[in-house]
Structures are given as C-alpha cells and as structure tokens.
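One-letter residues, chain by chain:
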Amino acid sequence: MCLSSICIFLVGFTNCFFFKVSCSKSEFSLEGDYLLGGLFPLHEIEKATPLFSPETTECFRHSSSKSGYQMLQVMRFAVEEINNSTTLLPNVSLGYEIFDHCSNTKNFPSVLSFISNNGSIKPKEKLNYYRPKVIALTGPYGSTRTISVAQLLTTDLIPMVNYGATSYALSNKFQYPSYVRTSPSNKILIEMIIRIIRWFGWNWVAFLGCQDDYSSDGLKLFTEYIKNSGICMAYQEDLSLNTNYSLTLQKIDLLNVNVIIVFALPQYARKIIKAAIANNIQDKVWIASQEWAMNQQLPREPGIGKIGTILGITERFLSIPGFNEFVYKDRRRTDVNHNEESDNQSKSKTCNQVCAYCPLLTAEDIINENPTFSFAIYAAIYTIAHALHKVLQCNMNGCRKNTEVKPYMLLGEIKKLDFPLSGRQVKYDVNYDPTVNYAVVLWHTDVNPPQFEMVGTYDTYPEVNFTINNSLLPWHNSSSVPYSNCSAECKEGFSRQPAGFHSCCFTCKKCQANSYVNYSRDPYTCLSCAESEWYDDMTMRCKSRHVDYLQFTEIPSIAVLVSVSCIIISLIAMFCLFAYNYNTPVVRSAGGSMSLLMLVCLILSSISTFFFFGKPTSTHCILRNVIFAFFFTVCISCLTVRSFQIICVFKMAAQFPKVHSFWVKHNGQWLFVAFTSVIHFIFCVLWMTVSPVKVAMDSSTYKDQIIVICERANSVTLAIVVFISWFLGFMCLFFSYMGRDLPKNYNEAKSITFSIILYCLTWLVYFTIFLSVKTRYIYLLNAMAQISSINGILFSYFITKSYIMIFQPQKNTPAYFQTSIQNYTQTISRT
C-alpha cells in the first residue's frame with residue numbers, strides 16, 4: 001500500500017512537471033509577489049475504477065461540476081479585490097495557482113507543486129530555511145480529499161485555509177496543526193440537526209450517509225450526541241453507488257420513519273431523492289446536510305414536491321458585493337480569449353488545469369450556481385491576506401517587502417484575527433474553527449425557478465441563538481407538524497414500559513393511586529408522592545401541599561389579638577384602680593392583696609394568647625398553653641379560697657370557732673394558694689419535660705394541606721394538670737353555693753358561679769371540637785377559650801367592683817358595709 005502510494009506521488013509529480021512549461025497563463029494562474037494555492041472540484045468522479053498501474057487522475061475525463069467553477073471564480077474575485085485595495089496589503093500583489101482537485105487519493109501532483117521550491121522538494125531542510133512555492137492555500141472541497149493531502153502541508157506548517165471540509169477530526173491540532181477552516185465543523189452541523197429534531201418534538205429518525213470521512217464523522221457524532229436525549233436512530237445506512245435505494249426507502253417506510261437525515265455528498269443525495277420520487281415516497285421530512293442543502297438541480301426534478309418537506313442546513317448566505325460584475329466582465333474577456341486558452345490548456349492537461357466546459361458557461365450560469373461555499377472561500381482568501389498584512393507590518397504608507405515571509409508566520413497571525421467582512425465577523429477559536437452563522441432553508445419546489453427560503457437561524461456569535469419561524473413552514477398538505485415518533489407520549493399518570501430495543505419505543509401503563517411519573521427524570525417509574533405533596537386526580541400529578549397555620553394577618557387572628565390586647569389593658573387599669581383603692585371596703589371585701597394577685601395572674605394568662613399566631617416553634621407550643629394553665633389555675637385557687645373564706649367568716653366562725661381561729665392565725669388562704677400552686681407547677685413542669693410538646697406536620701387530615709400543629713404532650717401529666725384546675729373550679733362552685741345567702745356586699749356567689757360555669761362550658765366545647773375536627777382554626781378556638789375564661793372572671797368579678805369604686809363611691813364606705821352586716825345578722829337571728 002505504502003509502495004504504491006509512493007509510486008503514485010512520484011509518477012504524478014514527474015508527469016506534472018514535465019509539462020510545466022506548457023501551463024499557460026490563464027484563469028488558473030496569476031503572478032504576484034506572494035503566491036496562493038487553490039484546489040477546487042471542477043470535475044467530479046462519480047464512480048471510481050481500479051487502476052492497475054501507478055498514475056494520477058486526469059480530472060477533465062470525468063463529469064463537470066459547475067459549482068466548482070463558481071468556487072474558483074470567487075477566489076479569483078477575492079484576489080483581484082485585495083490587489084486593488086489601498087488599505088489591505090498596499091503595494092503588495094497576490095498571485096495564485098489553481099488546480100482541479102477531483103479525486104480523494106490521486107490528486108497529489110498539485111499539492112506537491114505547492115510545497116515545492118523551484119520544482120524540487122527538500123524534506124530534510126529546516127523550517128526556517130525552506131520556502132515553498134505558496135505561502136498558503138485554500139481547499140480542497142470535501143473531508144476525505146482534505147485529510148488525504150493535509151499531512152503533506154503539515155510538514156512545512158503551510159496554512160491550509162479550507163472552505164469545504166467539515167470533518168470534526170480536522171479540529172485535532174496535534175494531527176493537523178496548520179489546518180484552518182472558514183466553514184464550521186460537522187460537530188456544529190450535527191448539533192443543529194439535533195436542535196431541529198427537538199424543536200419539532202421528533203424522536204424517530206433515519207440517518208443516511210455515504211462511505212467517506214464526512215459522513216462517517218457525522219454519523220459518529222450523531223450517535224454520540226443523541227445518547228440520553230430521547231432521540232432514536234431507527235435506521236442507518238452508508239450509501240454507495242451500488243446501493244439498492246428502493247430497498248432502503250422501503251425499509252424506512254416499514255419502520256414508520258417520517259424524518260430522514262441525508263448526511264451525504266450531492267451525488268448520493270441526488271440518487272436517494274430520485275429514488276424517492278420513483279418509488280412514490282410521500283409526506284416525509286428530509287433534512288439536507290450542508291453539502292447539498294442549496295443544490296440547484298435537485299429542486300427541478302419532476303415530482304419532487306410529492307416526497308414531502310425538504311429542510312436544508314447551510315451557512316447564512318451573504319451576497320458578495322461586486323462579484324456579479326466581476327463575473328460579467330470576466331465572461332466578456334473569456335469569450336475573446338477562448339480559442340487561445342483552449343489550445344494552451346490542451347497542452348497542460350496533466351496539470352489538472354483543463355476545463356473544456358468552463359468557457360462555455362454564461363455569467364448567469366455561474367452566478368445562479370449553489371452559493372453555499374462562496375462566503376467561506378471569500379473569507380479564506382481574506383484570512384490569508386489579513387495574516388500576511390500583519391506579518392509584513394503594513395500600514396497606510398505600505399508594507400515592508402524586505403521582510404522574509406514563511407508560511408508558519410501566517411499561521412501564528414491567523415489565530416489572532418478578528419475582522420469584519422461583508423457584515424459578518426471573521427474570527428477563529430483555538431482549533432482554528434470559525435464562528436457559526438447557519439441558516440435553515442425550506443425548499444420551495446412548486447415555483448419556477450425553485451426558491452430557498454430561510455426559516456431558521458443558528459448563531460454562536462456574539463451569543464448562541466437558535467430559532468425557527470414555524471409560521472413559514474407549510475408542511476406537506478397539512479398545517480400541523482408531521483409526526484415521527486416510535487410511540488405516542490404517555491398521558492399524565494402513565495409510565496413507560498419498554499417495547500423493543502429502542503428507548504423511544506414503549507407502551508403506557510397507568511400508575512397506581514397516589515403515584516406519579518417524573519417524565520424529565522425517569523419516565524419508566526411510578527413514584528409515590530412525597531409527604532410534602534398531594535395527588536391530584538384531575539391532573540394525575542403530585543402537587544406541593546400548602547403549609548397551613550394561623551397567620552397574624554388573617555381577619556380572625558387580628559380580631560382575637562385586638563380583643564386580648566384590650567383585655568390586658570383593662571386588667572392593668574383595674575390593677576392600678578385596685579391598688580389605688582387598696583384600703584377601701586370594696587377592695588378588702590374582694591380579697592385585698594389576693595385580688596391584686598388574681599389580676600396579675602389574669603394578665604399573665606392573657607399573654608399566652610399571642611403564641612397561637614405565626615408559624616409555630618417548639619417554644620410557641622410550650623408557652624401557648626402552659627402559661628395559661630398555670631397562672632389561670634392560681635387565679636382559680638384564689639377564687640376558691642376567697643369563696644371559702646367568706647363562708648368561714650360568716651358561718652364557720654360561729655359553728656367551728658377553732659377551725660376559724662386556726663385559719664386566721666396561720667393565714668390559711670395563702671397556705672392553700674401556695675400549696676395548690678406548687679403542686680400544679682410541678683405537674684406543669686412534668687407535662688413539658690417528660691414528653692414535651694413539639695412542632696409536628698399533620699399531613700393526614702387534608703390531602704392538599706399540611707397543618708403545622710403542636711403535638712400533645714404526655715397524656716397522664718396533661719390529665720393531672722387539667723384535673724387540678726377543674727377540681728378547684730368545682731370547689732369554687734360548691735363554696736359559692738354555700739354562700740348564696742350572705743350579705744350582698746360580700747356575696748360573690750353569682751359572679752364566681754358564672755365565671756366557673758363559663759370556664760367549664762368553654763373548655764368542654766373546645767375539647768369536644770378538638771377531638772372531632774382538625775383544622776388550623778382549632779388553635780384559634782383554643783385562644784378564644786382562654787380569652788373566654790379570662791373574660792368570665794374579669795366581667796363577673798372585677799368589673800362590678802370597679803364600677804362601684806368609680807361610679808358608686810357611696811357604697812364603698814365602712815358604714816355601708818357595716819349596715820349590710822347588721823341587716824344580715826338580724827335576718828339570721830329571726831330565722
């Protein structure tokens with residue numbers, strides 16, 4: 001293999017230079033201070049035939065390619081424009097040597113000519129001393145052709161500014177350090193194809209390539225990028241000239257694939273499209289790679305409108321100002337020199353500079369050809385010119401022509417370039433790849449001549465942006481996007497069940513109740529709703545539960561908070577009033593200092609109400625009930641001992657004088673209050689420590705809510721705490737009943753009875769509702785029960801006495817109270 005390749009190199013190189021004297025000055029060459037190389041496909045080899053002797057390929061013997069000739073004209077125009085410029089390379093002229101490059105492996109003579117120096121090649125000469133024929137070149141067209149010759153140019157680091165080789169492998173700077181391209185790599189092209197597929201929601205596609213580096217590179221990237229993307233490649237084939245295209249299309253149709261990616265060279269794309277027309281394939285979406293996206297002949301094929309919608313991906317077309325005028329002028333000059341050039345070219349045929357059909361093309365033929373690579377060639381020539389401009393240190397006064405220019409010097413400057421060109425920015429990344437300005441074009445084959453309408457764009461500079469205008473897409477005989485999925489998406493509440501090899505093929509299975517599918521994470525598994533979620537039967541989804549608790553801003557909460565604030569203010573005012581009138585009969589009859597203690601306990605009990613609002617914490621849960629329970633029990637114990645003391649004075653003093661004496665002597669009322677308070681305090685501490693009240697989330701009562709609650713503490717200690725309070729309450733009722741016939745000024749039976757009955761009824765109602773209903777408003781009811789208990793004592797016991805002190809001072813005298821006692825004594829004596 002190596003031996004035959006070497007033979008081909010040597011024979012081809014020798015043949016070319018034997019005829020060097022015959023290569024005339026034509027549109028293939030131009031003299032200049034610095035020479036550029038150009039490789040263009042003026043002919044295409046449709047079917048390679050094996051050679052049994054080492055020889056080069058003569059391109060003129062194969063099919064013509066008008067688009068290749070247009071590419072050549074773009075290079076010539078760019079060189080002429082630069083030579084006429086007064087700002088870019090002033091007083092420096094560029095020349096060129098152009099060759100027809102039609103073969104993947106046997107067009108080496110032209111490349112050998114480029115790297116030669118005066119007709120010879122010195123492989124061992126140092127880089128700093130060796131000066132090849134050209135300082136840079138552009139081309140060839142096609143990845144395989146480029147890869148086959150790129151290594152020859154790498155040896156001398158000659159910049160190969162390519163316009164039409166998109167293989168991602170060429171971005172490897174370790175293998176191809178001097179390769180630069182003005183057309184984006186296959187990596188970007190494949191990314192854009194995947195973006196289009198995702199945009200329309202497809203996942204069942206066919207990928208047709210061909211047997212070359214361009215397609216194999218694209219297939220490799222496509223296979224890698226669709227992993228875990230939800231896109232499946234239903235069918236894949238590498239096309240060749242011997243492929244049974246009809247059978248290929250039948251297989252695709254049997255698989256119900258409606259999106260076909262044709263990532264192949266134009267000659268293979270033509271065959272598959274013609275086969276689709278012949279086999280009456282209809283209503284497909286064809287995604288054309290850049291190689292044939294703007295093909296000028298295919299849209300004219302009869303019946304192509306029936307095969308479906310064709311979307312092409314190409315670089316954003318930019319008209320090159322002045323190019324059309326250049327072509328018209330050049331055609332006029334070509335018509336005059338046609339005969340002379342034909343004779344000269346016939347002598348130089350081994351140099352692959354023969355193009356018999358080229359002089360026959362009109363200006364319109366050239367201008368109307370596929371413009372896909374026009375700007376890429378234009379940018380390639382300007383890239384070389386700008387790099388040379390930097391190396392020669394050019395300015396407005398001219399360039400330093402005495403500077404010795406070596407190809408590798410240009411390579412160092414190219415990486416730094418960033419210049420505008422015809423409204424687009426030309427710059428390169430670390431791999432010498434350009435910025436991306438792609439377009440999605442829609443083929444309009446129902447008009448004459450066929451048209452290409454831009455319906456989408458993809459840019460990476462100054463930022464990544466991809467968009468498609470759906471309104472511009474009149475899908476084949478339908479207004480809706482074509483369907484190309486292996487299986488229909490499962491409805492909400494259904495999980496996927498694998499069916500076959502591909503992940504896009506599945507059946508749907510309904511999830512059990514209270515479970516859902518997270519399609520973005522795992523569409524194959526039914527997940528139970530989290531505790532913080534609830535299952536909505538209507539949407540078959542788990543939704544976040546609303547965390548519910550009493551807010552400060554709710555109207556019921558505001559009403560309770562305002563009322564308790566008023567109660568606290570009233571109690572403080574009464575405390576001041578009782579303290580001011582401490583030595584008066586009303587205060588003394590109310591218990592004197594004990595009445596002040598009761599008021600303090602009621603004030604402190606009221607404070608607990610504030611801990612019922614806002615998001616509960618462990619502290620709130622403890623304080624909201626324990627403060628009230630303890631201080632209100634102290635208040636009830638005061639009422640109990642107060643009612644007992646009145647009976648003791650008026651009834652027991654006469655019947656049980658010793659008991660009365662002991663009670664008075666040892667301050668029995670304070671001993672009782674202290675004893676009951678200490679006992680109650682101990683059990684309150686046990687209530688909060690043995691099994692403390694803590695915050696909990698009630699997720700079982702309501703499916704769409706989580707109620708933040710305070711868990712009940714130890715039931716035994718809670719029962720003892722409640723029992724002590726209620727026992728004192730019943731004692732109060734008992735002593736009040738015994739003292740129902742006492743003097744009016746001392747008779748507090750009605751007020752105490754009312755307050756205790758209200759207290760008991762309130763808490764009975766609360767506990768009944770608490771056990772049967774669970775809602776956040778149960779805590780509002782708890783707060784209201786506390787307020788009701790406080791109000792019972794406040795209004796029945798203290799308000800009446802305050803009223804006498806303020807509005808009936810005549811009743812607040814010792815004489816008035818003495819009269820009441822005398823009347824009571826007389827009544828008792830008569831009975």
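Residues numbered from 1 in each chain as written. Predicted model: local features only at pLDDT ≥ 70, side-chain atom pairs only at ≥ 80, totals over all residues. Heavy atoms only, no water.

Engineer: Just to check I follow, could you spell out the overall build of the protein chain for this structure?
Structural biologist: When you go through the protein chain residue by residue, the secondary structure sums to 23 helices and 27 strands. The burial tally for the protein chain puts 52% of its 831 residues in the buried class. Contacts spanning at least 24 positions in sequence make up 72% of the contacts within the protein chain whose residues lie at least 6 apart. Total accessible area on the protein chain stands at roughly 38600 Å², and carbon and sulfur atoms take up 58% of it. (Helix = DSSP H or I, 4+ residues; strand = E, 2+ residues; numbered from the N terminus. Buried < 20%, exposed > 50% of the residue type's maximum accessible area, 1.4 Å probe, protein only. Contact = heavy atoms within 4.5 Å. Areas by Shrake-Rupley, 256 points an atom, 1.4 Å probe, with all protein chains shown as cover.)

Engineer: Is there a simple way to think about the sheet that holds strand β27 (residues 705-710) in this case?
Structural biologist: Sheet strands associate in pairs through backbone hydrogen bonding, adopting either a parallel or an antiparallel arrangement. If you walk across this open sheet you meet the three strands as β25-β27-β26, and the pairing is mixed. The open sheet has two edge strands with one neighbour each: β25 (546-548) and β26 (695-698). On average, each strand axis in the sheet is tilted by 25° relative to the strand beside it, whichever way the strands run. As paired strands, β26 and β27 are joined by four bridges and run antiparallel to one another. Counted as the bridge partner of D698 is I707 from β27. (Pairing = 2+ DSSP bridges. Axes fitted to C-alpha atoms, helices over the stretch in contact; angles between N-to-C directions.)

Engineer: What am I meant to see in the state of the cysteines here?
Structural biologist: By definition, a disulfide links two cysteine residues through a covalent bond between their sulfur atoms. Counted according to the given criterion, the structure contains eight disulfides. C355 shares a disulfide with C358; S-S distance 1.6 Å. Here C355 and C358 share a disulfide; its torsion about the S-S bond, 75°, makes the bridge right-handed. (Disulfide = S-S within 2.5 Å.)

Engineer: What should I look at first to understand helix α7 (residues 245-254) in this one?
Structural biologist: Side chains of residues three or four places apart in an α-helix project in the same direction, reflecting 3.6 residues per turn. Along α7, the residues classified as buried are Y245, T248, L249 and I252. Considered in projection along α7, the buried side chains sweep an arc of 95° and stay on one side of the axis. Each element contacted by the buried residues of α7 is listed here: β9 (204-210), β10 (232-239), β11 (259-262), α8 (266-278) and β12 (284-288). (Arc of directions from axis to C-beta.)

Engineer: I tried to follow helix α12 (residues 374-391) on my own but got confused; where do I start?
Structural biologist: With 18 residues, α12 should cover 26 Å at 1.5 Å per step; its first-to-last C-alpha distance of 26 Å lies within 8% of that length. Of all 18 residues that make up α12, 16 are buried, and the element is covered over most of its length. Looking one or two residues beyond α12, the residue adopting positive phi is Q393, at roughly 55°. (Expected span 1.5 Å × (residues − 1).)

Engineer: Looking at this structure, how should I read the confidence of the model for the protein chain?
Structural biologist: Atomic detail in the predicted coordinates should be set aside for any region of low pLDDT. Per-residue pLDDT for the protein chain averages 83, and the proportion of residues at 70 or more is 86%. In the model, residues 1-25 has pLDDT below 50 throughout and makes 36 contacts with residues more than four positions away in sequence or in other chains. Low pLDDT, under 50, characterises residues 341-350; the predicted model gives this stretch 20 contacts beyond four residues in sequence or across chains. (pLDDT = per-residue confidence, 0-100.)

Engineer: Is there a simple way to explain the packing of aromatic side chains in this structure?
Structural biologist: Two numbers describe a pair of aromatic rings. These are the distance of the centres and the angle of the planes. Summed over all chains, the structure comprises 34 aromatic pairs. Ring centres 6.0 Å apart and planes at 15° place the aromatic pair F77 and Y378 in the stacked group. Within this pair, whereas F77 is found in helix α2 (residues 66-83), its partner Y378 is found in helix α12, the two being separated by 301 residues in sequence. Each member of the pair, F77 together with Y378, is buried. With a centroid separation of 6.2 Å and an interplanar angle of 45°, the aromatic rings of F552 and F613 are classed as tilted. In this pair, F552 sits in the loop between β25 and α14 (555-580) while F613 sits in the loop between α16 (593-607) and α17 (618-655), placing the two residues 61 residues apart along the sequence. You can call F613 buried: its relative accessible area is 1%. Across from the ring centre of F494, 5.8 Å away, lies the NZ or CZ of K510, which sits over that ring. (Phe/Tyr/Trp six-rings, centres within 6.5 Å; stacked < 30°, edge-to-face > 60°. Lys NZ or Arg CZ within 6 Å of the ring centre and 35° of its normal.)

Engineer: Just checking my understanding: could you explain the sheet that holds strand β13 (residues 308-315) for this structure?
Structural biologist: Strand order in the open sheet made by the eight strands is β10-β9-β11-β12-β13-β16-β17-β18, with mixed pairing throughout. The open sheet has two free edges, formed respectively by β10 and β18 (465-468), since each of these has just one partner strand. Strand-to-strand twist of the sheet, defined as the mean angle between neighbouring strand axes without regard to direction, takes the value 25°. Here five bridges tie β13 to strand β16 (residues 437-444), and the two strands are oriented antiparallel to one another. Each bridged residue has a counterpart across the sheet, and for E315 the counterpart in β16 is Y438. Of the strands in this sheet, β9, β10 and β11 are in contact with helix α6 (residues 213-225), which crosses β9 at around 155°. Taken strand by strand, α7 contacts β9, β10, β11 and β12, and its axis lies near 180° from that of β10.

Engineer: Teacher, can you tell me more about the environment of H101 here?
Structural biologist: With respect to the helices and strands, H101 occurs in the loop between β5 (94-100) and α3 (108-115). For H101, a relative accessible area of 0% translates into the label buried. Among all residues touching H101, those that are not within four sequence positions of it are L39, F40, P41, C59, N107, S110, P140, R145 and V149.

Engineer: Any chance you could explain the nonpolar core here in plain terms?
Structural biologist: Soluble globular proteins tend to pack their nonpolar side chains together in the buried interior. By size, the foremost hydrophobic cluster in this structure holds 70 residues, and its most contacted members are I193, I196, I197, F222, I261, I272 and W286. When residues no more than four places from it in sequence are discounted, the contact partners of I197 are W202, V205, F222, I231, I261 and I287. Residues F630, M688, C732 and Y797 belong to the second largest nonpolar core, which totals 64 residues. (Core = buried A, V, L, I, M, F, W, Y, C linked by side-chain atoms within 4.5 Å.)

Engineer: When you look at a nonpolar patch on the surface in this model, what are you seeing that I'm missing?
Structural biologist: Judged by side-chain polarity, V678, F681, I682, V685, L686 and V690 come together as a nonpolar surface patch covering roughly 490 Å² of accessible area. Considering the arrangement of structural elements, one finds V678 in helix α19 (residues 668-689). With a relative accessible area of 48%, V678 lands in the partly exposed category. (Patch = residues over 30% accessible without salt bridge, like charges linked within 9 Å, V, L, I, M, F, W, Y side chains within 5 Å. Salt bridge = Lys/Arg side-chain N within 4 Å of Asp/Glu carboxyl O.)

Engineer: Help me out: how do you make sense of the environment of Q70 in this one?
Structural biologist: Turning to its location among the elements, Q70 is positioned in helix α2. Separated by 301 residues in sequence, Q70 and P371 have C-alpha atoms that sit 8.3 Å apart. In contact with Q70, not counting residues within four places along its chain, are F323, I366, I367, E369, N370, P371 and S374.

Engineer: What's the story with the packing of α12 against helix α13 (residues 407-414) in this structure? I'm lost.
Structural biologist: Each pair of packed helices gets described by two things: the angle between the helix axes and the distance between those axes. Across the interface, α12 lies against α13 with an axial gap of 8 Å and an inter-helix angle of 105°. Put simply, α12 runs roughly perpendicular to α13. Contact residues: T383, I384, A387, L388, K390 and V391 in α12; M409, L410, E413 and I414 in α13. Partitioning the contact of α12 with α13 into residue classes produces seven nonpolar, one polar and two charged. (Parallel < 35°, antiparallel > 145°, perpendicular 65-115°, else oblique. Nonpolar A, V, L, I, M, F, W, Y, C, P; charged D, E, K, R; others polar.)

Engineer: Would you explain the pairing of strand β17 (residues 451-459) in this entry?
Structural biologist: By the bridge criterion, eight bridges tie β16 to β17 in an arrangement that is antiparallel. Its bridge partner being in β17, W443 is matched across the sheet by F452. Of the strand pairs in this sheet, β17 and β18 are connected by four bridges, and their pairing is antiparallel. By the bridge assignment for β18, G456 is matched with I468.

Engineer: Hey, could you run me through the side chain of N203 in this one?
Structural biologist: With respect to the element layout, N203 can be found in the loop between α5 (186-199) and β9. Apart from the residues lying within four places of it in its own chain, the contact partners of N203 are G230, I231, C232, S484, N485, C486 and C504.

Engineer: Quick question: what am I supposed to make of the pattern of salt bridges here?
Structural biologist: Two side chains with opposite charge may pair up if their charged atoms get near one another. Evaluation of the coordinates by the stated rule reveals 16 salt bridges. Residues D433 and R181 are paired through a salt bridge, measuring 2.8 Å at the closest nitrogen-oxygen approach. Taken together, the residues D433 in the loop between β15 (424-427) and β16 and R181 in strand β8 (residues 179-181) connect sequence positions 252 residues apart. Accessibility assignment for this pair places D433 and R181 in one class, buried. Notably, a salt bridge pairs K187 with E191, separated by 3.0 Å at the nearest N-O pair.

Engineer: Hey, could you run me through the environment of Q451 in this one?
Structural biologist: Here Q451 lies in strand β17. Between the alpha carbons of Q451 and P299 there is a distance of 8.4 Å; along the sequence they are 152 residues apart. Those residues in contact with Q451, other than ones at most four positions away along the chain, are L442, W443 and H444.

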